[in-house]
Amino acid sequence: MSSAATPAVRFESAVPQFTVPDLVRTGEYYRDVLGFQIAGYWDGERVSLTPATPPVFAIVSRDDVQVFFNRADQSAGAYDAFFHIIGIDALAAELRGRGADILDGPETRVYGQRELVVRDCNGLVLCFAEESGT
């Protein structure tokens, strides 16, 4: 098959995703000690920089690098790694053809990304995501 007939898939970045007991403490540590910026805390309904309720998810960033965190007592179904890509539907077709264990998607999420969730041969849960409208 020629490359002209194959839809393009492009991997743009990989993001580690860690499960931790306290998201605010972790975000503040990454900010105060490691020099990251707190990109936001997600409480299940909205993103904020100063959560009014205990968040279930957090993102910190520095330059072009992001790190994601899940709260340990809310981590059922959490991803182990997150990949920003272009061409989510083409990747889904490719992975289906290769026999990947696709758990979900591609599906558009409330936070504006289309995600494809796959379990690897070790049981790690990988999320491939594309900005909606890309």
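These numbers were taken from a predicted model, which means no experiment stands behind them.

Asks: Just checking my understanding: could you explain the nonpolar core for this structure?
Replies: Nonpolar side chains tend to gather and get buried jointly when the protein is soluble and globular. Residues Ala81, Phe83, Ile85, Ile88, Leu91, Ala92, Leu95, Leu116, Val118, Leu126 and Phe128 constitute the largest nonpolar core, which totals eleven residues. Elements that contribute at least two residues to this core include exactly strand S6 (81-86), helix H2 (88-97), strand S8 (113-119) and strand S9 (125-131). No other element matches H2, which puts four residues into this core. By size, the runner-up hydrophobic cluster in this structure holds ten residues, among which are Leu23, Tyr30, Tyr41 and Ala58.

Asks: What am I meant to see in the sheet that holds strand S5 (residues 65-71) here?
Replies: By definition, the strands of a sheet pair up through backbone hydrogen bonds, in either a parallel or an antiparallel sense. Taken together, nine strands build an open sheet; the order of strands is S3-S2-S4-S5-S1-S6-S9-S8-S7 and the sheet is mixed. Each edge of the open sheet carries a strand with a single partner, namely strand S3 (47-48) and strand S7 (101-108). Where strand S4 (residues 57-62) and S5 come together, six bridges link them in antiparallel fashion. Among the inter-strand pairings, Phe57 is bridged to a residue of S5, identified as Asn70. Those strands touched by helix H1 (residues 23-32) are strand S1 (10-20), strand S2 (37-42), S4 and S5, and its axis lies near 165 degrees from that of S2.

Asks: Which parts of the structure should I look at to understand unusual backbone geometry?
Replies: Along the chain, Gly105 connects to Pro106 via a cis peptide bond; the corresponding omega equals 5 degrees. In this structure, Pro106 sits in strand S7.

Asks: Would you explain the state of the cysteines in this entry?
Replies: The term disulfide refers to a covalent linkage connecting the sulfur atoms of a pair of cysteines. Applying the stated criterion across every chain yields a total of zero disulfides. The closest cysteine sulfur to the non-disulfide-bonded Cys121 is located on Cys127, 18 Å from its own sulfur. Residue class for Cys121 comes out exposed when judged on its relative accessible area of 77%.

Asks: When you look at the packing of aromatic side chains in this model, what are you seeing that I'm missing?
Replies: Aromatic ring pairs are described here by two measures, namely the spacing of the ring centres and the angle between the planes. Scanning the model with the defined rule gives eleven aromatic pairs in all. Here Trp42 and Tyr111 contribute two aromatic rings whose centre-to-centre distance is 6.4 Å and whose plane-to-plane angle is 75 degrees, an arrangement assigned as edge-to-face. In this pair, Trp42 is assigned in strand S2 and Tyr111 in the loop between S7 and S8, connecting sequence segments 69 residues apart. Pairing Phe83 with Phe128 gives two aromatic rings, centres 5.0 Å apart and planes at 15 degrees, and the pair type is stacked. Here Phe83, found in strand S6, pairs with Phe128, found in strand S9; they are 45 residues apart in sequence, far enough to count as distant. A single burial state applies to Phe83 and to Phe128, both of which are buried. Members of the aromatic cluster, connected to one another through ring pairs, are Phe18, Tyr29, Tyr30, Phe36 and Phe69.

Thresholds applied
Residues numbered from 1 in each chain as written. Predicted model: local features only at pLDDT ≥ 70, side-chain atom pairs only at ≥ 80, totals over all residues. Heavy atoms only, no water. Core = buried A, V, L, I, M, F, W, Y, C linked by side-chain atoms within 4.5 Å. Buried < 20%, exposed > 50% of the residue type's maximum accessible area, 1.4 Å probe, protein only. Helix = DSSP H or I, 4+ residues; strand = E, 2+ residues; numbered from the N terminus. Pairing = 2+ DSSP bridges. Contact = heavy atoms within 4.5 Å. Axes fitted to C-alpha atoms, helices over the stretch in contact; angles between N-to-C directions. Disulfide = S-S within 2.5 Å. Phe/Tyr/Trp six-rings, centres within 6.5 Å; stacked < 30°, edge-to-face > 60°.

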